[in-house]
Structures are given as structure tokens and as C-alpha cells.
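Results of the structural survey
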Amino acid sequence: ELSPAVNFALRISFYCLLCVVSSALTAPVCLLVNGGRTVKNMRIIKTVVKTFKYFFGLRFEVKGLENFKVEGPAIIVSNHQSILDMMGLMEVLPDDCVQVGKKELMYTGSVGLIIYLGGVIFINRKSTTSAKMVMAEVAKTMTTENVKVWVYPEGTRNCTGDLLPFKKGAFHLAVQAQVPVIPVVYSSFTTFYNPKKNLFTSGKIKVEVLPPIETKGLTSDDVSDLTDRCFRTMRETLFRLSGHPSEAKESS
Ligand SMILES: CCCCCCCC/C=C\CCCCCCCC(=O)SCCNC(=O)CCNC(=O)[C@H](O)C(C)(C)COP(=O)(O)OP(=O)(O)OC[C@H]1O[C@@H](n2cnc3c(N)ncnc32)[C@H](O)[C@@H]1OP(=O)(O)O
Ligand SMILES: CCCCCCCCCCCCCCCC(=O)OC[C@@H](O)COP(=O)(O)O
């Protein structure tokens, strides 16, 4: 019998190895098929990553996919619990959708390369000024290139079963581009995944894509309200999906 700590380390190492090896094999395919950095590579990446869940006994129960069917671009916001989220992301990711990620991800070898080829937008979280500039550029191009953008508004991983306060970048982006915000909520991983307790077993994750929130006519003055509204809706949904109905009531 392996100790829980060793067992946990082995499973996480296997996950990372799977990412590194699959990225190294998938990158040449992306280059051959699409010739370079483009969101079209996400279709290839998605196909590969969607097989990962079987190695870890994870199941996804998805609701509300029809809410992605908006005309034109949109900002998708979701909760961010762990590096495992990448599997949940690929499970529902619509076509022509890029993610915003921290620039440190570029330096993870083959994983960095595949993330780059997939069109991920890199931001420097330590410099609000430069992050804002990158996001303003994205606000302009998402309409001309008709892409959706996926942002984790908590700005970092958080595996507590609750949400961190939201950063405002995603909502500024939505208002600047005058496109809807589509919230996506993943149920809490705490029952099957907890690094502090060396817990990583098989498990079921509920995913809900919520109805789009329109931003037509909103200005930068409305960004705080929009952020709060999204936060409250997502927090209620998180508690409902994770089976804490009383907390959901409290926060409403
Ligand atoms: C084939 C196999 C392959 C396997 C391998 C895997 C392959 C997988 C492939 C592909 C998957 C890729 C997966 C990528 C996942 C990556 C996840 C991450 O990296 S998450 C971290 C980075 N993301 C964020 O941080 C975004 C969220 N953050 C924000 O949006 C922030 O707002 C940010 C960074 C823009 C600024 O950060 P602040 O910490 O300064 O935050 P604030 O408090 O919001 O802003 C300060 C002030 O600036 C204003 N502000 C912010 N943005 C503005 C804007 N655009 N315009 C005007 N004002 C703005 C705000 O209103 C605020 O001002 P007032 O407090 O309201 O007065
Ligand atoms: C040469 C070095 C090789 C290193 C191999 C690393 C392999 C990593 C495999 C996991 C890939 C999963 C990518 C998902 C991205 C992700 O989820 O990143 C977390 C964050 O953005 C949040 O940042 P943080 O503030 O650190 O929580």
C-alpha cells in the first residue's frame, strides 16, 4: 500500500507527464495542419485533452451548452480551481475561443508551446498597465476576428469550494467590445481533489453554462455592477452544484 502522499504525487506527476508528452506530440500536428499560432489549433488540442479524463476516472455532467450559441463574440468567465481545470475547459470549449493566461505558462516547455500555438493571450499579472493594454487590444480584435475569449476572473487557482473576489479585466473587456458575458460554473472539486490532504480520487464534476448577460449600452461606470452581478450568480450556482443549498440562500 502506497502512502497517500506518494499516491497523490504519483497521480499529479502522471497528469503533468501526460500534458508534456501529449503537447510534444500534438504541436507538430498543429503546425502541419494549421501552419502556426491560431485558435483553429484548439480543435486539435481539445480532441486530445478530452481523452485525459478516462485516465483519472473523472466524469463531467454538462448543462446549458445552448447558451454558447450567441451571435458573434462573447466573454466567457468561469471559476478556476486547479491545473486539472484544463480538462473541464476542453470538455465544453466552443469553437473559436481563446483563453487569457499568465505569461509564466509560456515557459513550461512543450506545454507552453501548445498553449502558444492554441492562441492563448498572455498577460503579465504583475503589471496592471500592460495587462490592460493587452486586454484593450483584444477588445478590438475579437469583433473583427469573431472570437470568444475565456477569462478566469478570480485571476488565480482557488480550491477552497468558494470564489475569490473577481478581478475586473474580463468585464471591462466585455463592455469595451459591447459583447455578452457568459458565466460557466464547475462544481467544487473538494470531495475528490485536495492537495493539502493528498486527496485525488475519481469523481464527478457538474458544469453549467449560464445564460448570456448582455452589455449593450453599458459604459465603464457599469463595470463594477456587472462584476458583482456575475459574481453573485456564479457563487449561487457553485453552491447549488456542489450541494450547499443553505449557503446559496445566504448569499442571494
Ligand atoms: C494536447 C495536450 C495539451 C495538454 C497541455 C495543456 C494545454 C492547454 C491548452 C490551452 C489551455 C490554456 C489554459 C490557460 C489557462 C490559464 C489560466 C490562468 O493563467 S489564470 C491567471 C491569468 N488570468 C487572469 O488574471 C485574468 C483575470 N484578471 C484580470 O482580468 C485582471 O483584472 C487584470 C490582470 C487585467 C488586472 O489585474 P489587477 O490585479 O490589477 O486587477 P483589478 O483589480 O481588476 O484592476 C485594477 C484596476 O484596473 C481597472 N481595470 C482592469 N482592467 C481594465 C481595463 N481593461 N480597462 C480599464 N480599467 C481596467 C479595474 O477596474 C481596477 O480599478 P478600480 O479598482 O475599479 O478602480
Ligand atoms: C520545462 C518545464 C516543464 C514543466 C512542465 C509543466 C507541466 C504542467 C502541466 C499542466 C498544464 C496545465 C495548464 C493549465 C494552466 C493552469 O491552470 O495554470 C494555472 C494558472 O494559470 C493560475 O496560476 P496560479 O496563480 O499559479 O494559480
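The structure presented is a predicted model; accordingly, all values stated were derived computationally and were not measured.

For the rest of this paragraph, the subject is the sheet that holds strand β1 (residues 58-63). Where strands meet in a sheet, backbone hydrogen bonds hold them as pairs that are either parallel or antiparallel. Within the open sheet, the 7 strands sit side by side as β1-β9-β6-β2-β5-β3-β4. Their pairing is mixed. Strands with a single pairing partner mark the edges of an open sheet, and in this sheet they are β1 and β4 (121-123). Sheet twist, expressed as the average angle between the axes of neighbouring strands with direction ignored, equals 25°. Bridge analysis of strand β3 (residues 97-102) against strand β5 (residues 148-151) gives 3 bridges, and the strand direction is parallel. Residue Q99 lies in a different strand from β5, and its bridge partner there is W150. In this fold helix α4 (residues 85-92) packs onto β1, β3, β5, β6 (181-186) and β9 (203-209), with an angle of close to 40° to the strand it touches most, β1.

Where helix α7 (residues 169-177) meets helix α8 (residues 223-242), the axes come as close as 9 Å, and the angle between the chain directions of the two elements is 120°. Considering the angle they form, α7 stands oblique to α8. The hand of the α7/α8 crossing is right-handed. Counting all contacts with α7, which are made through F171, H172 and V175, the residues of α8 involved are V223, L226, T227 and C230.

Scoring rules and cut-offs
- Residues numbered from 1 in each chain as written.
- Chains lettered and ligands numbered in written order.
- Predicted model: local features only at pLDDT ≥ 70, side-chain atom pairs only at ≥ 80, totals over all residues.
- Heavy atoms only, no water.
- Pairing = 2+ DSSP bridges.
- Helix = DSSP H or I, 4+ residues; strand = E, 2+ residues; numbered from the N terminus.
- Axes fitted to C-alpha atoms, helices over the stretch in contact; angles between N-to-C directions.
- Contact = heavy atoms within 4.5 Å.
- Parallel < 35°, antiparallel > 145°, perpendicular 65-115°, else oblique.
- Left-handed = near helix turned anticlockwise from the far one by under 90°.

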